[in-house]
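A closer look at the structure
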Amino acid sequence: MGLPAEMLPEIPVVSDPGLDRNAENLTKGQIAEVINRVIDRETAARFRIYLNTCVHCGLCSDACHWFLSNDRDPRFSPVGKVKQTLWEILKKKGRVDADFLKECSRIAQTECNGCRKCSMYCPFGVDIAYLLFVVRRICYQLTIVPQFLQDTVNSHAATMNQMWVKQDEWVDTLQWQEEDARSEIVTARIPLDKEGADVFYSVIAPEPKILAQLIGNIAQIMAVAKVDWTMPSQDGWDNSNMAMFAGDFEIMGRVERAHHEAALKLKAKRIVMGECGHAFRGAVYDGPKWLGWREPPVPVIHAVDFYHELITSGRIKIARKFEEPVTLQEPCNIVRGRGLGTKLREVIQATCADFRPPPEPDFEHNYCCGAGGGVINCGPPWKTSRVKGNSVKAEQLAATKAHIVITPCHNCHAGIEDIISGYKLGMHVRFLIEILMQVMEIPDELKAE
Amino acid sequence: MYTFVSGPLVWIAFIVFAGGMIYQFLSMLKMAKKDKVVLPYMSLKYGLRSLLHWLIPFASKNMRMRYETTLVTFAFHICLVLLPIFLTAHVVMFSASWGLHWVTVSEKAADWLTVLVIFAAIFFLVRRWMLPEVRFVTSASDYVLLAVVAAPFVTGFIAHRQWFDYETMVVIHMISGAAMLMAIPFTRLSHMLFFPFTRAYMGSEFGAVRHARDW
Ligand code: SF4
Ligand code: SF4
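As the structure is a computational prediction, the values presented were derived from the model and not from experiment.

**Quick look at unusual backbone geometry**
All names here are of chain A. Across the junction of Glu360 and Pro361, the peptide omega takes the value -5°, indicating a cis bond. As for its position among the elements, Pro361 is in the loop between helix H17 (341-351) and helix H18 (383-388). One non-glycine residue, Asp71, lies in positive phi territory at about 50°. With respect to the secondary-structure elements, Asp71 resides in the loop between helix H4 (65-69) and helix H5 (78-91). Phi angles above zero are rare outside glycine, and Lys424 is one such case at about 50°. Here Lys424 shows up in the loop between helix H20 (410-422) and strand S7 (428-430). Judged by its relative accessible area of 73%, Lys424 falls in the exposed class.

Put into structure tokens, the structure is as follows:
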């Protein structure tokens, strides 16, 4: 028999100044005003129809890694999250208090990755992630946003990139990486602001900030594959977007517009995005939607697609395969969100000798890494619940007995690392580009010394 | 009483049902135009592709994960729609008033299918109670709606067996049937109307925009 709600274990209280301190001064009147404004003015057909159509059947539950990992606790089921937030808000016509809003923010911001697997399990295709994003939007407008996440949004707003990378630091990093790349491959360059290039390459801000060698890597790959490419020296180089997840759609729109406009200004033929899933989602779906474009103005492809193209067209040859046993984390936003599951496997098969595909659920049905949807950006206070909320992923990874988990996404990368250490799996995480660097054939004439 | 429920009430029920459905459809259309992403993303091809997968039993992964629920759900919905239309007693009434007739199911089959619907309703009830994730999101209205849907079948079955007072039972049966029809457009039973649209939208977004499947 089902447990009544009052018998469920208590959810540990996490203190986060972004919720606690900001909730202090909110009045019920303000809250109701904002809620009703968002619901009346910003939501439309989907919102109402989803809510009127949901038959409370709970069939979406089995989709959610949070639900499965928390002993099937109904509060973590997709529809359960909507019940605890929107149903209550609508029932009370927005007259809820600040403490309730803190709960809403916790649920919508830190316990849902917006992975949209549940809409593949609901018979009606109710888009729960969208509904919970409406909750995020309300919380954001009332300033109830986890502190760390808000910090990254502020960074986007002030510097047009996620990590407070300043203009001179950006160019500096590229020059330094170009030098590094040239110490391996003589023709390696990072061409800045080149007009009419075939490829406009963009990255997320953590690359120049903490993983600069990834930019050096791509410079080497581009040189070997002889790709005509460029990167912008000015704003628009960062394709990441945390504002999208915080509910700050105005900043989200600015960030996406800057990214696409940078490519348009350079008359690039297409944008190739580095290995990140959420950034891809922002650039290809959420950003254009908000900006009123059906498609992005310049075609966008993800790194996985690009590598696949380089390998299958023979522009990059594989000298020897990567030996260690590898498995794969399939990022929601490029596998469920772009159908790249097969290409991703083909790239891995072409580069790795011992590939151990993750057991079911895989491809579109993969479990999210637990970090996406802005959840990892909510920062250290929420790490414990995030790792706990994804034990199913740990089990899935452990079953492969692989040593390396390939994750072509920055969010997945960080999230899987936390899961590996949290559950002591003894594995390591690698980007696809790191594998590619190790196995790619470098023609002798290109080798530096 | 009988003349009222078998005459005007039936009319009222059909008019409210049809009018309500049209009203809901039009207001959905109006809202969809306001929601700037819905119509531009709708794709006939991907919408139908998704609908097809969700209309075939076990074609989608979640349906395969829950065999019993899928079977019962399909049986329930199919009977729910077809049984009242092809029931001899109903067809006879239509032909008496309008001279229309069409094929009917045999009395015996109808009996069994009615029992099937009632069992399915009990299954849903028990499921609501037993599964924590369903129970958590269940409110009184969910029970009421289930009762509203099951009532015409239960009463029809009893009336047909001539248990209790036949006359009264038929009247209750007709009232409950009318109540169900009228409830469809204005409650969550409207999923009957919205299902093709929500699923087709999700199918379109997954297919056309995301190049992926949604089943
Ligand atoms: S994490 Fe994914 S499956 Fe779970 S509620 Fe959010 S969108 Fe749905
Ligand atoms: S969202 Fe869909 S699957 Fe989940 S309870 Fe509602 S109708 Fe059922």
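**Quick look at a nonpolar patch on the surface**
Residues and elements named next belong to chain B. There is a patch of nonpolar side chains on the surface, built from Trp11, Ile15, Ile78, Val81, Leu82, Ile85, Trp98, Leu100, Trp102 and Val103 and spanning about 980 Å² of accessible area. Residue assignment for the nonpolar patch shows that the elements contributing at least two residues are helix H2 (8-34) and helix H6 (67-86). Considering each element in turn, the nonpolar patch owes the most residues, four residues, to H6. With respect to the secondary-structure elements, Leu100 resides in the loop between helix H7 (88-98) and helix H8 (107-130). The exposure class assigned to Leu100 is partly exposed, which follows from its relative accessible area of 40%.

**Some thoughts on the site of ligand 1**
All names here are of chain A. Around ligand 1 sit Cys64, His65, Trp66, Pro78, Lys81, Cys112, Asn113, Gly114, Cys115, Arg116, Cys118 and Ala129, and those are all the residues in its vicinity. Elements with a minimum of two residues in the shell around ligand 1: H4 and H5. Looking at the shell around ligand 1 residue by residue, the classes come out as seven nonpolar, three polar and two charged.

**Some thoughts on the site of ligand 2**
Close to ligand 2 lie 13 residues; Cys54, Cys57, Gly58, Cys60 and Cys122 of chain A are nearest. Taken together, the residues that form the shell around ligand 2 break down as eleven nonpolar, two polar and no charged.

**Things to note about the interface of chain A and chain B**
With 56 residues of chain A at the contact, the number on the chain B side is 47 residues. Taken over both partners, the interface formed by chain A and chain B buries close to 4700 Å², and the fraction arising from carbon and sulfur atoms is 58%. Of all residues in chain A, the largest losses of buried area upon contact with chain B belong to His56, Lys289 and Arg294 of chain A, amounting jointly to 14% of the total for that side. At the surface where chain A touches chain B, the tally comes to seven salt bridges. Between Glu364 of chain A and Arg213 of chain B there is a salt bridge, with its nearest N and O atoms 3.3 Å apart. The interface formed by chain A and chain B contains 26 residue pairs in polar contact (both at pLDDT 80 or more). Of all elements in the fold, only helix H3 (45-53), H5 and helix H14 (277-291) of chain A reach the threshold of two or more residues within the side of chain A that touches chain B. It is H3 of chain A that contributes the most residues to the side of chain A that touches chain B, seven residues altogether. Here the residues of the side of chain A that touches chain B are counted per class, giving 26 nonpolar, 14 polar and 16 charged.

**Describing the packing of H17 of chain A against helix H21 (residues 432-439) of chain A**
Residue and element names in this part refer to chain A. The N-to-C vectors of H17 and H21 enclose an angle of 30°; their axes lie 10 Å apart at closest approach. Relative to H21, H17 is oriented roughly parallel. Where H17 crosses over H21, the handedness of that crossing is left-handed. Contacts from Leu344, Val347, Ile348 and Thr351 in H17 reach Leu432, Ile435, Leu436 and Val439 in H21. Residue classes in the contact of H17 with H21 are distributed as seven nonpolar, one polar and no charged.

Definitions and cut-offs
Residues numbered from 1 in each chain as written. Chains lettered and ligands numbered in written order. Predicted model: local features only at pLDDT ≥ 70, side-chain atom pairs only at ≥ 80, totals over all residues. Heavy atoms only, no water. Helix = DSSP H or I, 4+ residues; strand = E, 2+ residues; numbered from the N terminus. Buried < 20%, exposed > 50% of the residue type's maximum accessible area, 1.4 Å probe, protein only. Patch = residues over 30% accessible without salt bridge, like charges linked within 9 Å, V, L, I, M, F, W, Y side chains within 5 Å. Areas by Shrake-Rupley, 256 points an atom, 1.4 Å probe, with all protein chains shown as cover. Salt bridge = Lys/Arg side-chain N within 4 Å of Asp/Glu carboxyl O. Near = heavy atom within 4 Å. Nonpolar A, V, L, I, M, F, W, Y, C, P; charged D, E, K, R; others polar. Contact = heavy atoms within 4.5 Å. Buried area = accessible area lost by both parts, 1.4 Å probe. Polar contact = N/O pair within 3.5 Å; in protein donor to acceptor, adjacent residues only side chain to side chain. Axes fitted to C-alpha atoms, helices over the stretch in contact; angles between N-to-C directions. Parallel < 35°, antiparallel > 145°, perpendicular 65-115°, else oblique. Left-handed = near helix turned anticlockwise from the far one by under 90°.

Any functional reading would require information that these geometric values do not contain.
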